[in-house]
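Take a look at the letters that make up each chain.
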Amino acid sequence: MTSLKKLLKKKKYTSIKLKKTATNHLELDAKINGIKGKFILDTGASNSCVGLDQISFFKLEAKESETKAAGAGATDMETQQSENNVLEIGKWKTKKSHLVLFDLTHVNSALEQHKAEKVQGIIGADVLEKGKALIDYKKRVLYLRKNKKFE
């Protein structure tokens, strides 16, 4: 019987190790514009997000947005957006990453209350869909299908 890992490797998927946090979130490292950061994997988040305080750290070009964000107990939050960023997760890459920028203080406060480390952003369903993601929860591995070239 072929293992899932071998089967997905044949289908051009790359594997990314996930870490389970004290709050039972799955966490991963990713690079935005070549700069490494710590992110929560959130299948329920429609868009990938970065904290407003990380704009200069990740060298993002922020634009105003009329969209309001909601989630994790907070609603009607002001947002900005940043387009066409290079996002790398393991060996998976895209040059057209659209990011929502908003205040992640409430997220990081909740993490700190449970003695978990702060994060700089959230990887959401937009990336999971683009990468045709599969998640092996038992082994804590995210699989993303490699791009033939940067998208």
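Residues numbered from 1 in each chain as written. Predicted model: local features only at pLDDT ≥ 70, side-chain atom pairs only at ≥ 80, totals over all residues. Heavy atoms only, no water.

Caption draft 1: Up close: the overall build of the protein chain. Secondary structure summary: the protein chain contains three helices and eleven strands in total. Along the protein chain, helices (α) and strands (β) appear in the sequence α-β-β-β-β-β-β-β-β-α-β-α-β-β when read from the amino end. Partitioning the contacts of the protein chain with sequence separation of at least 6, the portion at a separation of at least 24 is 59%. (Helix = DSSP H or I, 4+ residues; strand = E, 2+ residues; numbered from the N terminus. Contact = heavy atoms within 4.5 Å.)

Caption draft 2: Inspection of the nonpolar core at higher detail. Ranked by internal contacts, the top residues of the largest apolar core, which has 23 residues, are Leu28 and Ile89. Of all the secondary-structure elements, those providing two or more residues to this core are strand 3 (26-32), strand 4 (35-41), strand 7 (74-89), strand 8 (92-102), helix 3 (125-130) and strand 11 (141-145). If you tally residues by element for this core, the top one is strand 3, at four residues. Core analysis: the next-biggest nonpolar cluster, separate from the first, contains eleven residues, Leu104, Leu111, Ala116 and Val119 among them. (Core = buried A, V, L, I, M, F, W, Y, C linked by side-chain atoms within 4.5 Å. Buried < 20%, exposed > 50% of the residue type's maximum accessible area, 1.4 Å probe, protein only.)

Caption draft 3: The sheet that holds strand 1 (residues 13-17), seen in detail. The sheet built from three strands is open, its strands ordered 1-11-10 with antiparallel pairing. Edge positions in the open sheet fall to strand 1 and strand 10 (134-136), since each of these has one partner strand only. Strand after strand, the sheet turns through a mean of 25 degrees between neighbouring axes, direction not considered. The pairing of strand 1 with strand 11 spans five bridges and is classified as antiparallel. Looking at the pairing, Thr14 lines up with Leu144 of strand 11. (Pairing = 2+ DSSP bridges. Axes fitted to C-alpha atoms, helices over the stretch in contact; angles between N-to-C directions.)

Caption draft 4: Structural detail: the packing of aromatic side chains. Tallied over the entire structure, the rule returns two aromatic pairs. Plain terms: the ring middles of Phe39 and Phe58 are 6.0 Å apart, the flat faces sit at 35 degrees to each other, and that makes the pair tilted. Pair noted here: Phe39 is in strand 4 and Phe58 is in the loop between strand 5 (49-51) and strand 6 (63-71), with a separation of 19 residues, a long-range link. Look at Phe39 and you get buried, because its relative accessible area is 1%. Overall, the relative accessible area of 0% leaves Phe58 in the buried class. When the ring of Phe57 is compared with that of Phe58, the centres are 4.9 Å apart and the planes differ by 80 degrees; the resulting orientation is edge-to-face. Since its relative accessible area comes to 39%, Phe57 is described here as partly exposed. Every member of this aromatic cluster is reached through a ring pair, and the members are Phe39, Phe57 and Phe58. (Phe/Tyr/Trp six-rings, centres within 6.5 Å; stacked < 30°, edge-to-face > 60°.)

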